[in-house]
Every structure is written in structure tokens, then in C-alpha cells.
Amino acid sequence: MENNKLNYDIVLKPILTEKSYQLISESKYTFEVAKDATKTEVKTAIEKLFNVKVEKVNIMNVKSKPKKMGRFEGYTRGWKKAIVTLAQGYVIKELQGNV
């Protein structure tokens, strides 16, 4: 990880949807991460931010979709999603309270 990148620059926000709440029961948490973040950067950032042990990180690019509003056309923004699997016995309390 570069020295000038902070953990908050890598992990942008948690994704709280119906599907992500189902994954929390399996110790999998979903986050929006920076477009240039790697798996190892995400792993170290989550471990430092939440004091947990990360077992596995899956990353996927969410592509932008075409949208129309009246006569105007454009695209939604593309972003990167990370699904983080924690080691057994670890939970992220900040997100656990919402379940």
C-alpha cells in the first residue's frame, strides 16, 4: 500500500442492501472501495479500521449503465465493490447493529 493512501481513501462506504444483510450472517461484509484499490489494500484497510481478521477478499467492478431522463442521455457511475469474508469469531459491530 502506498504511504500517502489512508484507509478511508480505500474503503469508501458499506453497502447495506437486502442481499448484503443476508451475507452478514455468513460473516461476509460488502463495501464500496476505491477504483484503484487492490485486494491486499482492502484487506489491510478493513483490518485496521474495524480491528478484525480478514480471511478473504473478493473484488468486482460494477459497470456503468446507460440512463435516459427525457431527452437527456447519460450513464450511471461505475464503481468497485468488495465482499470481505472475516475469520471465524470476528464481527464488525458497527454494521452488526443494523441487522
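Look up: the structure comes first, before these words.
Predicted model, so just to flag it, every value in this text is computed and none were measured.

A short note on the nonpolar core
One recurring pattern in soluble globular proteins is that nonpolar side chains are buried together. Tyr29, Phe31, Val42, Ile46, Val84, Leu86 and Ile92 are the most contacted members of the largest nonpolar core, which has 19 residues in total. Elements supplying a minimum of two residues to this core: β2 (28-33), α3 (39-50), β3 (54-62) and β6 (79-86). Not counting residues up to four positions away in its chain, the partners in contact with isoleucine 92 are Tyr29, Phe31, Phe50, Val52 and Leu86.

Focus: unusual backbone geometry
Despite not being glycine, serine 27 shows a phi value in the positive range, around 65°. Despite not being glycine, asparagine 51 shows a phi value in the positive range, around 55°. Following the sequence through the fold, asparagine 51 ends up in the loop between α3 and β3. Look at asparagine 51 and you get exposed, because its relative accessible area is 65%.

Details of the pairing of strand β4 (residues 66-69)
Sheet analysis places β4 next to strand β5 (residues 72-75), joined by four bridges and oriented antiparallel. Residue pairing in the sheet places lysine 67 in a bridge with glycine 74 of β5. What sits between β4 and β5 in their antiparallel hairpin is a turn of two residues, with glycine 70 showing a positive phi close to 70°.

Some details on the pattern of salt bridges
Per the counting criterion, the structure on display carries three salt bridges. With a closest N to O distance of 4.0 Å, lysine 28 and glutamate 26 form a salt bridge. Here the salt bridges share partners, and the residues they tie into one network are Lys13, Glu32 and Arg77.

Remarks on the sheet that holds β2
With antiparallel pairing, four strands are arranged side by side in an open sheet as β1-β2-β6-β3. Two strands bound the open sheet, and with one partner strand each, they are β1 (11-14) and β3. Averaged over all pairs of adjacent strands, the angle between strand axes in this sheet comes to 30°, irrespective of strand direction. Bridge analysis of β2 against β6 gives six bridges, and the strand direction is antiparallel. Bridge pairing in β6 links threonine 30 to isoleucine 83. Relative to the sheet, α3 contacts β1, β2, β3 and β6, its axis offset from that of β3 by approximately 125°.

Criteria and thresholds
Residues numbered from 1 in each chain as written. Predicted model: local features only at pLDDT ≥ 70, side-chain atom pairs only at ≥ 80, totals over all residues. Heavy atoms only, no water. Core = buried A, V, L, I, M, F, W, Y, C linked by side-chain atoms within 4.5 Å. Buried < 20%, exposed > 50% of the residue type's maximum accessible area, 1.4 Å probe, protein only. Helix = DSSP H or I, 4+ residues; strand = E, 2+ residues; numbered from the N terminus. Contact = heavy atoms within 4.5 Å. Pairing = 2+ DSSP bridges. Salt bridge = Lys/Arg side-chain N within 4 Å of Asp/Glu carboxyl O. Axes fitted to C-alpha atoms, helices over the stretch in contact; angles between N-to-C directions.

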